[in-house]
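# Fold and contact review
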Amino acid sequence: MGLEPFLFRRSGCLVGARSGELSSEVEGEVGRFSLRDLGRDEYAVFTLDLCHNGVDRHFSRFPDEELETINGMVPGRPLMERHDLKGSLPRGTFFRSCLHREGDRVSVRPDVYVMRTGENADFILNIEGGVYRETSIGFAFETPECSICHKDLRTCDHVPGRSYGDESCHYVMRNVLDVIEGSVVPSGSQGTRFVSEARALPLSEALVAGREAFHRPIGLASQGGSRVWARE
Ligand SMILES: [Zn+2]
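Below is a summary of the structure that appears in this document. A quick note: this is a predicted structure, and the numbers were derived from the prediction, not measured.

A separate point is unusual backbone geometry. Residues other than glycine seldom take positive phi values, yet His150 does so here, at roughly 70°. The residue His150 is located in the loop between strand E8 (134-146) and strand E9 (163-164) in this model. Within the chain, Asn175 stands out as a residue other than glycine whose phi angle is a positive 60°. Locating Asn175 in the fold gives a position in strand E11 (residues 171-185). Looking at Asn175, the number of C-beta atoms within 10 Å reads 13, which means it is partly exposed.

So, in structure tokens, the structure goes:
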């Protein structure tokens, strides 16, 4: 059964700017990507929280081992604006990444450098000024694992967000295949959507489509304004 991987986005936040820091370590790491030696005042460095291991508002969650995979994939990937891979060139390059731990929370926290070109001046200013403060990661993963029965969510009947006994169903994103880009998005505009082909669908609809592809019959019913799945 050929189930297609999901292309997905997840939101995070900017955690800081490192504008004043003079560090040979930063220069060395940025130098792995630049074609000539750059002066430290030629670029701005920002730190982002790209994704974490908590259950998000779309009832998805990364397990720690997938965060490690993502962490390894991020350096070298582009920083975009609003996931616009077709209409614009990258604003920056992620040049290093680490796993940040705070209690039980683990997040992927990369640093990105943005050249201080005339064209990037407004972009940098908007980040420094706190207007662009939200981020989002574009990535592909293979398997949405059900937190209740641990099967592929497309092959079981559990519904993310619904409670089963004491447990609330969510899906665990397994087998991350690629990190495509990280984006800065204007405050308030983040949203998690599928990004290509027929997958410009909200999560619930994409899962329904995935389930239909896997086994029939699946009936779709609407209840109290929210979508639910019911197998016939
Ligand atoms: Zn299940």
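Below, the discussion takes up helix H2 (residues 64-73). Of all the residues in H2, the buried ones are Glu66, Leu67, Ile70 and Asn71. All buried residues of H2 lie within an arc of 145° about the axis, which places them on one face of the element. The exposed residues of H2 that point more than 90 degrees off its buried face are Glu65 and Gly72. Each element contacted by the buried residues of H2 is listed here: strand E3 (51-52), strand E6 (92-102), strand E7 (105-115), E8 and E11.

Rules of the game
- Along each chain, the written sequence defines residue order, and numbers are assigned to residues from 1.
- The model is predicted, so local features are restricted to residues of pLDDT at least 70 and side-chain atom pairs to those at 80 or more, both for listing and for counting; the totals for chains, interfaces and linings are taken over all residues.
- Put simply, DSSP marks the helices as runs of H or I at least four residues long and the strands as runs of E at least two long, and each gets a number from the N terminus on.
- Neighbour density around each residue's C-beta defines its exposure: 20 or more other C-beta atoms within 10 Å make it buried, 12 or fewer make it exposed, and counts between make it partly exposed, where C-beta atoms are placed from the backbone.
- The directions from the helix axis to the C-beta atoms are what the arc is built from.
- By the criterion used throughout, residues are in contact when their C-beta atoms, derived from the backbone, lie within 7 Å.

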